[in-house]
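# Architecture and fold: a report
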Amino acid sequence: MGTLTNKRVLVGVTGGIAAYKTADLIRRLRDAGAETRVVMTAGAAEFITPLTLQAVSGHPVHEQLLDTEAEAGMGHIDLARWADVIVVAPASANFLARLAQGRADDLLTTVCLAAAVPVAVAPAMNQQMWANAATQNNMRTLRARKIHVLGPAEGEQACGEIGPGRMLEPLELVARVSELFATGELEGLKVVVTAGPTWEAIDPVRGITNRSSGKMGYAVAAAAAEAGARVVLVSGPTALPDPPRVQTVRVVSAQDMYDAVHSHLEGAHIFIGVAAVADYRVEQAAPGKIKKTADRLTLELVRNPDILAAVAHRRPHIYCVGFAAETDDPEANARAKLASKGIDLVAANRVGPGLGFEADDNELLLVDRDKSKRLARAPKSSLARALIHEVAVRYHAESRAQDSRQASRN
Ligand code: PMT
């Protein structure tokens, strides 16, 4: 597994001689497991052809802001929402100035302005242009806005001068982009996550299940691992590959999931139940395939154990997060679940067209005892990272409060 497996990297290319290295950068990003899309400025196209970047990225290159055909396909807002990170390499002095001013006068600046994901720039220019007070002022503005500045390196430049202004080499850029995902917020902690549906057998070939694909739960597990946690993912039947750096335990039924969760809870600090667990199972699955001889068939269903409620009840020191798929009034339903299951946080998602079950996107309403917070619609991978950040903040606040209560008792 590469360091960027399942990551969507939008590569921006601006006009500079280092643009010839961007083809290699894209190849290295893909070697590290990333999916890549490219946006070029008009200046970049003077240095490297869109065809070259299309060939290495595997997708048509995006160039025009006001192109009705392109906007009907993947327009500027879709590109901004598609990306997990935007990396502009090389980033010219002109582009950095326009970014610092918040301009939206071409496709690349507009995508950067519309993006809610990290933006990284790899400056490349003549050393005197880099040293110029105007450029340094722009860099201060960009850093203050949490834009990641990768480089520049020092050395001999294409213009023959020596100094800072060379674009970082592609391999170093890949390493630095990978580091952007490693937040360290859950370093040293163990997190157990459930994902996917469960399958409750009726007979050897039929069963009761639901439409959960596992996408949300797998994204949560991957985000927790990126945040530095040791992660165990207990997954019902899905078609997804194991997430990188996560111990994945495959199960079938709710009872299997319950058993697997409980056998992996030792040393756990956080439990996140994303699975759509079947509430009922057939009391006695038929040992052989049921024949369709009778006009009616009655199945006797019995309740499955509630995995999340049991973890919260038996292991009160574990910070417990539940999900809730709701069609109406998510806040009230989430609050009811928070209380009935005795958990710390509920992530409620509306189910509907393009959201929730099976979809690539989701939106969440986080509800804890004190407040609620909306995480806007986004691809499940970025939403999972935002959720893990919120969980980490609450977990650490809770531990600090517990420590000070303990200290005042001693
Ligand atoms: O997998 P995807 O296609 O990406 O879809 C993601 C999702 C929509 C399934 C996910 O985001 C989600 O909402 N999961 C929870 C579904 C739900 O409504 O579950 P629930 O209301 O039945 O249960 C509430 C909570 O209790 C959940 O955390 C669930 O994991 C847990 N639970 C429920 C029943 C049970 N027997 N054991 C449990 O642990």
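Above this text sits the structure in question.
A brief structural summary. (Residues numbered from 1 in each chain as written. Predicted model: local features only at pLDDT ≥ 70, side-chain atom pairs only at ≥ 80, totals over all residues. Heavy atoms only, no water.)

Moving on, we come to the overall build of the protein. Across its full length, the protein holds 14 helices and 19 strands. C-alpha atoms of the protein, sized along the principal axes, occupy 80 × 65 × 35 Å. Look at the contacts in the protein between residues 6 or more apart in sequence, and 66% of them connect residues 24 or more apart. Distance between charge centroids for the protein: 3 Å, based on 46 positive and 46 negative side chains. (Helix = DSSP H or I, 4+ residues; strand = E, 2+ residues; numbered from the N terminus. Contact = heavy atoms within 4.5 Å. Lys, Arg positive; Asp, Glu negative; His and termini not counted. Charge placed at Lys NZ, Arg CZ, Asp CG, Glu CD.)

Our focus in this paragraph is the sheet that holds strand β17 (residues 345–350). Pairing is mixed across the open sheet formed by eight strands, whose spatial order is β12-β11-β8-β13-β16-β17-β18-β19. Since the sheet does not close on itself, it has two edges, and those belong to β12 (247–250) and β19 (372–379), each with one partner. Within the sheet, the average angular offset between the axes of one strand and its neighbour, ignoring direction, is 20°. For strand β8 (residues 190–195) and strand β11 (residues 230–235), the ladder comprises six bridges, and the chain directions are parallel. Pairing of Ala-195 across the sheet is with Ser-235, part of β11. Relative to β11, helix α11 (residues 254–263) is tilted by about 165°, and along the sheet it contacts β8, β11, β12 and β13 (270–273). (Pairing = 2+ DSSP bridges. Axes fitted to C-alpha atoms, helices over the stretch in contact; angles between N-to-C directions.)

Taken together, 26 residues are adjacent to the ligand, and Ser-212, Gly-273, Ala-275, Lys-337 and Asn-349 come closest. In the environment of the ligand, an oxygen atom lies 2.9 Å from a nitrogen or oxygen atom belonging to the backbone of Met-216. Between the ligand and the protein, one listed contact pairs an oxygen atom with a backbone N or O atom of Leu-308 at 2.9 Å. Burial of the ligand by the protein amounts to 94% of the accessible area it has alone, namely 780 Å². For the shell around the ligand, the element with the highest residue contribution is strand β16 (residues 319–326), accounting for four residues. (Near = heavy atom within 4 Å. Polar contact = N/O pair within 3.5 Å; in protein donor to acceptor, adjacent residues only side chain to side chain. Areas by Shrake-Rupley, 256 points an atom, 1.4 Å probe, with all protein chains shown as cover.)

What follows covers the sheet that holds strand β3 (residues 85–91). With parallel pairing, the five strands of this open sheet are ordered in space as β2-β1-β3-β4-β5. Whereas interior strands pair on both sides, the edge strands pair on one side only; in this sheet they are β2 (35–40) and β5 (148–149). When strand β4 (residues 119–123) meets β5, the two strands line up parallel, connected through two bridges. Residue pairing for β5: Ala-120 is matched across the bridge by His-148. Helix α1 (residues 22–31) rests against β1 (8–13), β2 and β3 of the sheet, and its axis sits at about 175° to β1. Along the sheet, helix α9 (residues 170–181) makes contact with β3, β4 and β5, crossing β3 at roughly 150°.

Now for the packing of helix α10 (residues 215–226) against helix α14 (residues 380–409). Relative to each other, α10 and α14 sit at 50°, their axes nearing to 8 Å. Taken together, the axes of α10 and α14 are oblique relative to one another. Judged by the sense of rotation from one axis to the other, the crossing of α10 with α14 is right-handed. Residue-level contacts link Lys-215, Met-216, Ala-219, Val-220, Ala-223, Ala-224 and Glu-226 of α10 to Lys-380, Ser-381, Ala-384, Arg-385, Leu-387 and Ile-388 of α14. Counted by class, the contact of α10 with α14 contains eight nonpolar, one polar and four charged residues. (Parallel < 35°, antiparallel > 145°, perpendicular 65-115°, else oblique. Left-handed = near helix turned anticlockwise from the far one by under 90°. Nonpolar A, V, L, I, M, F, W, Y, C, P; charged D, E, K, R; others polar.)

Here the focus is the side chain of Asp-84. Topologically, Asp-84 is positioned in the loop between α4 (76–82) and β3. A polar side-chain atom of Asp-84 sits 3.0 Å from a polar atom in the side chain of Ser-381. Engagement of the side chain of Asp-84 in a polar contact is seen with the side chain of Arg-385, the distance being 2.9 Å.

Before going further, it helps to examine α9. The end-to-end C-alpha separation of α9 is 18 Å, in line with the 16 Å expected for twelve residues at 1.5 Å each. Within the span of α9, buried status applies to Pro-170, Leu-173, Val-174, Val-177, Ser-178 and Phe-181. Along the axis of α9, the buried residues cluster in a sector spanning 140°; they form a single face. (Expected span 1.5 Å × (residues − 1). Buried < 20%, exposed > 50% of the residue type's maximum accessible area, 1.4 Å probe, protein only. Arc of directions from axis to C-beta.)

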